[in-house]
Amino acid sequence: YFVSISFLVKNYLDCYQVYNKKYIANNRTSFICSKKQKLCLEKSKEKQKQCLGVTCIKPARINSKYCSDECGLAFNRLRMISILPNRILEREQVPCVADQIDNDKLTKIRDLRRSAIEQLRILDIKEKFVLAMINGAKRKPVTGMSDEIREEDNSKVYCITCGSEVLAQTAIRHMELCFRKFESQSVVIGATKTNSATCRIFCEFYDSSKKTYCKRLRYVCPDHYRPAKAEENEVCGCPITKMGETIYSGKIIKFCQQFKKYCNLHFSWETLCIAEIDFDRLREFNKIITYDKEEAILLKQLTNRSAVLGLLLHSTLVHYD
């Protein structure tokens, strides 16, 4: 008994299913046994369907609506010839509200993109102005002496980064150094170099061991940017403006003429000014990338509505009062 059961199972596993055109046309499935070469027929459970061809009377193939590829292509060609011209004429005569809305959005996005590009040009002018102002401020004479007796300020504040209590006189210096220390614990890298010859805002330090580029801003990168050490008689040169005014308004009252190494109030002001411009430039670049993506989506929607598939699947019905 067990021998006969194992023999039947073995013969069943040795058989494999193949599709024969002769039996597929009759809506049957054929099995060929590799050992006995015996043809076994099994009736399909699906109901027999007729081909959708206009003049075709043959049965459709399994899992298909047509009896052959040629019949399906001929039927769909006839469908396009009969439907597509009317849909094209209908689209030209009846305005599409969705296209009007998308065109308005596209115009608005392109205007915003042009304004972002204009803002980048303004930031380039600001950077040149700041660099020229830094070079001019360095030529100012020093009015403070290195051995000048200063009044000690014992008031203390809390660092916003580490939370420790520091003297108010050295708070800005401590916060800047503390920020660089905590920022160095994170990693911002990329596989490709993105800086161009005209605009360089990222650090782009290449790590040969990991084959990556540093993607921090160039002037605030704590790992690869080191501010120049102040010389012995170097002046601070930080511009001082009125309350509510900026250095770009042209209303600079005076420049700080203390020794740079003793000036804790304007610690690393040159780096922060240029880093602020780079940050604004990065923000505008991100806006341009976002506008480009939105423009591509809108253009794709406009193209799909005018494409063959969109015209065949959609129709506009005009209701007259």
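- As recorded in an unreviewed UniProt entry, the protein chain goes by CXXC-type zinc finger protein 1 and comes from Graphocephala atropunctata.
- Check the Subcellular location (unreviewed entry) section of the UniProt entry for the protein chain; it says "Nucleus".

Quick look at the sheet that holds strand E8 (residues 212-214)
The strands making up a sheet associate through backbone hydrogen bonding, with each pair oriented either parallel or antiparallel.
Then, number 1: Across the sheet, which stays open at both edges, the three strands sit in the order E6-E8-E7 with antiparallel pairing between neighbours. Where the open sheet ends on each side, the last strands, each with one partner, are strand E6 (189-190) and strand E7 (206-207).
Then, number 2: Pairing between E6 and E8: two bridges, direction antiparallel. When the sheet's bridge partners are listed, Gly190 is paired in E8 with Tyr213.

What to know about the state of the cysteines
Then, number 1: This model, assessed by the stated rule, comprises zero disulfides.
Then, number 2: Take Cys214: it sits in no disulfide, and the sulfur closest to it among the cysteines is that of Cys221, at 3.7 Å.
Then, number 3: The exposure class of Cys214 is buried, given its relative accessible area of 4%.
Then, number 4: Cys238 provides the cysteine sulfur closest to Cys273, a residue in no disulfide bond, and the two sulfurs are 6.7 Å apart.
Then, number 5: A residue is classified by how much of its surface remains accessible, and Cys273, at 16% relative accessible area, is buried.

Considerations on helix H5 (residues 171-183)
Then, number 1: In a regular helix each residue adds 1.5 Å, so 13 residues correspond to 18 Å; H5 covers 18 Å between its end C-alpha atoms and thus fits that length.
Then, number 2: Where H5 is concerned, the buried positions are Ala171, Glu176, Cys178 and Arg180.
Then, number 3: Against strand E4 (156-158), strand E5 (165-167) and helix H6 (269-306) lie the buried residues of H5.

Details of the confidence of the model for the protein chain
Then, number 1: Residues with a pLDDT of 70 or more make up 77% of the protein chain, whose mean pLDDT is 76.
Then, number 2: Ignoring residues within four places in sequence, the model shows residues 1-45, a span with pLDDT below 50, making 44 contacts including any to other chains.
Then, number 3: Scored below 50 in pLDDT, residues 145-149 shows five contacts in the model against residues more than four places distant or in partner chains.

Focus on the nonpolar core
Then, number 1: By size, the foremost hydrophobic cluster in this structure holds 18 residues, and its most contacted members are Val130, Cys236 and Trp269.
Then, number 2: Of all the secondary structure elements, the ones that give two or more residues to this core are helix H4 (97-137) and H6.
Then, number 3: Here this core takes seven residues from H4, the largest share from any one element.
Then, number 4: Ignoring sequence-local partners within four residues, the contact set of Cys236 consists of Lys138, Cys256, Gln258, Phe259, Lys260, Cys263, His266, Trp269 and Glu270.
Then, number 5: The next biggest cluster of nonpolar side chains, apart from the first, holds six residues, and it includes Cys51, Cys56, Tyr66 and Cys67.

Reading the values: rules and limits
- Residues numbered from 1 in each chain as written.
- Predicted model: local features only at pLDDT ≥ 70, side-chain atom pairs only at ≥ 80, totals over all residues.
- Heavy atoms only, no water.
- UniProt positions renumbered as here; feature names shortened; annotations may be inferred.
- Pairing = 2+ DSSP bridges.
- Helix = DSSP H or I, 4+ residues; strand = E, 2+ residues; numbered from the N terminus.
- Disulfide = S-S within 2.5 Å.
- Buried < 20%, exposed > 50% of the residue type's maximum accessible area, 1.4 Å probe, protein only.
- Expected span 1.5 Å × (residues − 1).
- Contact = heavy atoms within 4.5 Å.
- pLDDT = per-residue confidence, 0-100.
- Core = buried A, V, L, I, M, F, W, Y, C linked by side-chain atoms within 4.5 Å.

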